[in-house]
Amino acid sequence: METFCLSKTLVISLDAMGGDHGPSVVVGGIADYLKAHEDADVRFIVHGQAEAIEGQVSVHKVPAARLDIRHTDKFVAMDEKPAQALRRGKGSSLWNAIESVKTGEAAAVVSAGNTGALMAISKLQLRMAAPGLERPAIVASWPTMKGITAVLDVGANIDCDAAQLIEFAIMGEAFQTAVHGTKRPTIGLLNVGSEDMKGHEQVREAHRLLRSGAFDLDYHGFVEGDDIARGTVDVIVTDGFTGNVALKTAEGTARFISGLLKEALMSGLPSRLGALMALPALKKMRSRIDPNAINGGPLLGLNGIVVKSHGGASAYGFGNAIRVAGDLARSDYMTKVGASLKRMTTVLEEDDAGAATATGGETAQ
């Protein structure tokens, strides 16, 4: 078994059996990534059915020196429940891919497989990055009028208290810098209005603490749903329930508009001629809203880098998920988040102590 030295080469572990298309897209994604990063010193540990993987390696002409194929016949089904995946997942391509990060063989793992299973097995093997963190947060890279905005959480944590929302702000800022190159990202807290009294208690409490400036974040304040597409801020923080609804709504709206546009452009000869003339602009627009162009949602908060690819991603999309994993692995993301979370714990403890003192004083009076 070949082991790659992380000090010399970036090693990324891949679950080849996850997603709708398995090895064809995973190996195709490797080929696409290598084509765009020819000089990158990166190799891959690919977990799954060796014969199927090797067949795709031949099809896509991926250099054998770039790969270490680890055979297993076991895999986690896309509809398998997380609890079931935990019980029977050991030895599967998903389990083994994550284990490569746990043992230090790989710097990051990418899978297009079952989201719930990926989260459960990652949490079990890698643990959380700091005390108090309960579950990873899923971050989405959202195309906007001004570029890309990071939105989190988009599905992992349904109910969130103020401390969790601040954790998301810290992790989201570090992610936006590492992956999208924003030097000092602005952060907004998603709410039903911009006024201080709007929203439920947890959101208002997070707003109060973030606005205090104790966390060294460029906090913008409350933002509303329409601010996401505007690109009002670089990072938008919300609970997983709201974030997932917003994400699915945006995806559905994009498909609806694309369908209407296609119908209008194909409605007659004049429209088709107009579409032909506008083809370059239409292709540019399509590239901006193509989910494959921004594929790769990291599970933030784990003691290791785990990236979720969309199950239906193309090879180009999976290659982008690999890029996200590589960018995070090469950055100081883990160190920065760890230090910031420790500082957050101190700030929250001091805030609680101050509140207790104030309450005691009021009672004494």
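Residues numbered from 1 in each chain as written. Predicted model: local features only at pLDDT ≥ 70, side-chain atom pairs only at ≥ 80, totals over all residues. Heavy atoms only, no water.

Re the pattern of salt bridges
Then comes step 1: Under the defined criterion, the tally for this structure stands at 11 salt bridges.
Then comes step 2: A salt bridge links Lys-198 to Glu-195, with the nearest nitrogen and oxygen atoms 3.2 Å apart.
Then comes step 3: Lys-198 gets classed as partly exposed once you look at its relative accessible area, which sits at 32%.
Then comes step 4: Arg-230 serves as the salt-bridge partner of Asp-227, at 3.8 Å between the closest nitrogen and oxygen. Of the two residues, Asp-227 and Arg-230 both sit in helix H8 (residues 226-230), three residues apart, roughly one turn of that helix.
Then comes step 5: Assessed through its relative accessible area of 48%, Arg-230 is described here as partly exposed.
Then comes step 6: Among the ionic contacts, a cluster of salt bridges with common partners joins Asp-68, Arg-70 and Glu-105. (Salt bridge = Lys/Arg side-chain N within 4 Å of Asp/Glu carboxyl O. Buried < 20%, exposed > 50% of the residue type's maximum accessible area, 1.4 Å probe, protein only. Helix = DSSP H or I, 4+ residues; strand = E, 2+ residues; numbered from the N terminus.)

Details of the confidence of the model for the protein chain
Then comes step 1: With 93% of its residues at a pLDDT of at least 70, the protein chain reaches an overall mean of 88.
Then comes step 2: Long-range and interchain partners of residues 1-7, a stretch whose pLDDT sits below 50, account for 18 contacts in this model, where long-range means more than four residues apart. (pLDDT = per-residue confidence, 0-100. Contact = heavy atoms within 4.5 Å.)

So, a nonpolar patch on the surface
Then comes step 1: A cluster of nonpolar side chains, namely Ile-158, Phe-241 and Val-245, defines an oily patch on the protein surface of about 280 Å² accessible area.
Then comes step 2: Relative to the assigned elements, Phe-241 resides in helix H9 (residues 240-265). (Patch = residues over 30% accessible without salt bridge, like charges linked within 9 Å, V, L, I, M, F, W, Y side chains within 5 Å. Areas by Shrake-Rupley, 256 points an atom, 1.4 Å probe, with all protein chains shown as cover.)

Observations concerning the sheet that holds strand S9 (residues 235-237)
Then comes step 1: Across the sheet, 11 strands lie side by side as S3-S2-S1-S4-S11-S10-S5-S6-S9-S7-S8; this open sheet has mixed pairing. Looking at which strands have only one partner, the edges of the open sheet turn out to be strand S3 (67-71) and strand S8 (218-223). Strand-to-strand, the axes of this sheet are offset by a mean angle of 25°, without reference to chain direction.
Then comes step 2: Relative to S9, strand S6 (residues 147-152) runs parallel, the two sharing three bridges. Along S9, the bridge assignment pairs Leu-152 with Val-237.
Then comes step 3: Across the sheet, helix H12 (residues 315-330) is in contact with strand S1 (10-15), strand S2 (42-48), strand S4 (108-111), strand S10 (297-300) and strand S11 (305-308); its angle to S1 comes to roughly 140°. (Pairing = 2+ DSSP bridges. Axes fitted to C-alpha atoms, helices over the stretch in contact; angles between N-to-C directions.)

Quick word on the nonpolar core
Then comes step 1: Among the nonpolar cores identified, the biggest contains 99 residues, and Leu-14, Ile-30, Phe-44, Phe-175, Phe-215 and Tyr-333 are the most heavily contacted of them.
Then comes step 2: The leading source of residues in this core is helix H6 (residues 162-180), at 11 residues.
Then comes step 3: Contacts of Leu-14, omitting those with residues within four sequence positions, involve Val-26, Ile-30, Phe-44, Ile-45, Val-46, His-47, Ala-97, Val-110, Phe-318 and Ile-322. (Core = buried A, V, L, I, M, F, W, Y, C linked by side-chain atoms within 4.5 Å.)

Concerning H9
Then comes step 1: The first and last C-alpha atoms of H9 sit 37 Å apart over 26 residues, in line with the 38 Å expected at 1.5 Å per residue.
Then comes step 2: Turning to H9, its buried residues are Gly-240, Gly-243 and Leu-247.
Then comes step 3: Looking at the packing, one finds that the buried side of H9 touches strand S5 (137-144).
Then comes step 4: You can read the cap of H9 off the contacts: a side-chain oxygen lies 3.1 Å from the backbone nitrogen of Phe-241, and it is on Asp-239. (Expected span 1.5 Å × (residues − 1). Polar contact = N/O pair within 3.5 Å; in protein donor to acceptor, adjacent residues only side chain to side chain.)

Quick look at unusual backbone geometry
Then comes step 1: Along the chain, Leu-152 connects to Asp-153 via a cis peptide bond; the corresponding omega equals 5°.
Then comes step 2: With respect to the secondary-structure elements, Asp-153 resides in the loop between S6 and H6.
Then comes step 3: One non-glycine residue, Lys-61, adopts positive backbone phi at about 55°.
Then comes step 4: Relative to the elements of secondary structure, Lys-61 occurs in the loop between helix H2 (50-60) and S3.
Then comes step 5: For Arg-127, which is not glycine, the phi dihedral falls at a positive 65°.
Then comes step 6: Here Arg-127 is to be found in the loop between helix H5 (115-126) and S5.

Let's talk about the pairing of S1
Then comes step 1: With six of six residues buried, S1 lies mostly within the body of the structure.
Then comes step 2: The side-chain alternation of S1 yields two buried faces, one formed by Leu-10, Ile-12 and Leu-14 and the other by Val-11, Ser-13 and Asp-15.
Then comes step 3: The sheet contact formed by S1 and S2 spans six bridges and is parallel. The residue of S2 that forms the bridge with Ile-12 is Phe-44.
Then comes step 4: Handedness of the crossover joining S1 and S2 through helix H1 (residues 23-36) is recorded here as right-handed.
Then comes step 5: Sheet topology places S1 next to S4; four bridges connect them, and they run parallel. Each bridged residue has a counterpart across the sheet, and for Asp-15 the counterpart in S4 is Ser-111. (Right-handed = clockwise from strand over helix to strand, strands pointing away.)

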